[in-house]
Amino acid sequence: MLKGKKVVIGITGSIAAYKIPFLIRLLIKEGAEVQVIMTPAATDFVTPLTLSTLSCKPVIIDPYKQSSGEWNNHVELGLWADIMLFAPVTANTLGKMVNGIADNFLVTAYLSARCPVFIAPAMDMDMYEHPSTQNNIASLRSFGNMIIEPQVGELASGLSGPGRMEDPASIIHVLTTFFSKQNRLSGKKVLVTAGPTHEALDPVRFIGNQSSGKMGFAIAREAASRGASVVLISGPVSLSAEMTAIERINVTTAQEMYEACLKHFPSADITIMAAAIADYRPARPSGTKIKKNGDSLTVELHPTKDILAEMGALKRKNQVLAGFALETENELSNARQKLIKKNLDLIILNSMNDPGAGFNGDTNKITLINKAGNVVAGALKDKSEVASDILNAIDELS
């Protein structure tokens, strides 16, 4: 799966850099073409001569070639690569990647990447578990990067815990698995909805919900990574899709979501409705700000259009339609009823009773129920992993 692939490896100043020569040898053995980038601090742990000998290419450390003053073009490198793999990545570099602090060639190359990016953190346990590091990892994942989680084991400090960079053979497995699934959705159009809708009460207030859009965005990124052409219809969220294969359409209201969905649904091969769309809207929104006068306020609500049910009625035989069910009671029973009533192929059940699941967080816990009645309960996982599970389940339907 790696034959002919162009791989950029970015190395930072971690003791785990000693593993990278083994990783390069495995990549070359698999037929990949490797270009190594190092931070100046990384050269204290592994020599550029070793890495250039193994990769058969000069190692890039500085923005310019010291011998000639010629510029190393990070933009061209970003266009050249099929994937970028940053390993090992220190806490310092994680922070620079998140905040766009491009004070070395490695970060400028990262910021220029047009390809999938893999990041393998490596540091001591206390540094890895610090909230700032965990927030940076979560941010990088939300940008669409794929995190290769470190192992739990003995560390250079003598402590034992999380922070040990994944072994080269396991990293190769991650990359080959990525490329093996990359073309599964090639030529397919995938429609994904995400986020909440806002239904105006007046010019400054609205009825909405706590959906962050993170689950829908993770699904869109996973579908794009598998080769699909993705249309992402999103309610008001502060997220970035970060992939050129994703066409993003921003909406605010349930009616706007309805119009966008019905426009793109007929040409979609797979539709995954992850948005938390309002069931009701104010019947008569005020044109001016509603003033508080001490009296109670009664708001008449009218139902919004049932987008999922309408899609189910329009669905062709060769289309796949998946929906979400967020439940607080009788979860399985309610999800099964929704699956049948709305003519879905798959329903993804969230229970608000599961800690770590639901809105806003970076994790989710789902149960998958398909039209054949098969039920698969998942563990609490990062939403990027949950997205992979959902698309795997859809893949099994065909």
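Now for a description of the structure that goes with this document. Values in this document were obtained by computation on a predicted structure and should not be read as measured data.

As a further point, take the pattern of salt bridges. This structure, assessed with the given rule, holds 13 salt bridges. A salt bridge links Lys 19 to Asp 167; the shortest N-O distance between them is 3.5 Å. A residue pair is termed long-range when its members are at least 10 positions apart, and Lys 19 in the loop between β1 (6-11) and α1 (20-29) and Asp 167 in the loop between β7 (160-164) and α8 (168-182) qualify at 148 residues. For Lys 19, a relative accessible area of 6% puts it in the buried group. Taking relative accessible area as the criterion, Asp 167 reaches 30% and is therefore assigned partly exposed. When the shortest N-O distance is used, the salt bridge between Asp 389 and Lys 381 registers 2.6 Å. For Asp 389, a relative accessible area of 24% gives the class partly exposed. Given the relative accessible area of 26%, Lys 381 is considered partly exposed. Because the salt bridges share partners, they merge into one network encompassing Arg 141, Glu 149 and Asp 382.

Turning our attention to the packing of helix α4 (residues 91-99) against helix α7 (residues 131-142). Each pair of packed helices can be summarised by the angle the axes make with each other and by the distance between the axes. It is the contact of α4 with α7, at a shortest axis distance of 9 Å, that shows an interaxial angle of 45 degrees. With respect to α7, the element α4 is oriented oblique. Seen from above, α4 lies across α7 with left-handed handedness. Across from Ala 91, Leu 94, Gly 95, Met 97 and Val 98 in α4, the residues of α7 making contact are Thr 133, Asn 136, Ile 137, Ser 139 and Leu 140. Partitioned by chemical class, the residues of the contact of α4 with α7 number six nonpolar, four polar and no charged.

What follows covers the sheet that holds strand β5 (residues 146-147). With parallel pairing, five strands are arranged side by side in an open sheet as β2-β1-β3-β4-β5. The open sheet has two edge strands with one neighbour each: β2 (33-38) and β5. As paired elements, β1 and β2 share six bridges and run parallel to each other. Paired with Val 7 across the bridge in β2 is Val 34. With respect to the sheet, α1 is in contact with β1, β2 and β3 (83-89), its orientation differing from that of β1 by roughly 180 degrees. In this fold α4 packs onto β3 and β4 (117-121), with an angle of close to 140 degrees to the strand it touches most, β3.

What counts, and at which threshold
- Residues numbered from 1 in each chain as written.
- Predicted model: local features only at pLDDT ≥ 70, side-chain atom pairs only at ≥ 80, totals over all residues.
- Heavy atoms only, no water.
- Salt bridge = Lys/Arg side-chain N within 4 Å of Asp/Glu carboxyl O.
- Helix = DSSP H or I, 4+ residues; strand = E, 2+ residues; numbered from the N terminus.
- Buried < 20%, exposed > 50% of the residue type's maximum accessible area, 1.4 Å probe, protein only.
- Axes fitted to C-alpha atoms, helices over the stretch in contact; angles between N-to-C directions.
- Parallel < 35°, antiparallel > 145°, perpendicular 65-115°, else oblique.
- Left-handed = near helix turned anticlockwise from the far one by under 90°.
- Contact = heavy atoms within 4.5 Å.
- Nonpolar A, V, L, I, M, F, W, Y, C, P; charged D, E, K, R; others polar.
- Pairing = 2+ DSSP bridges.

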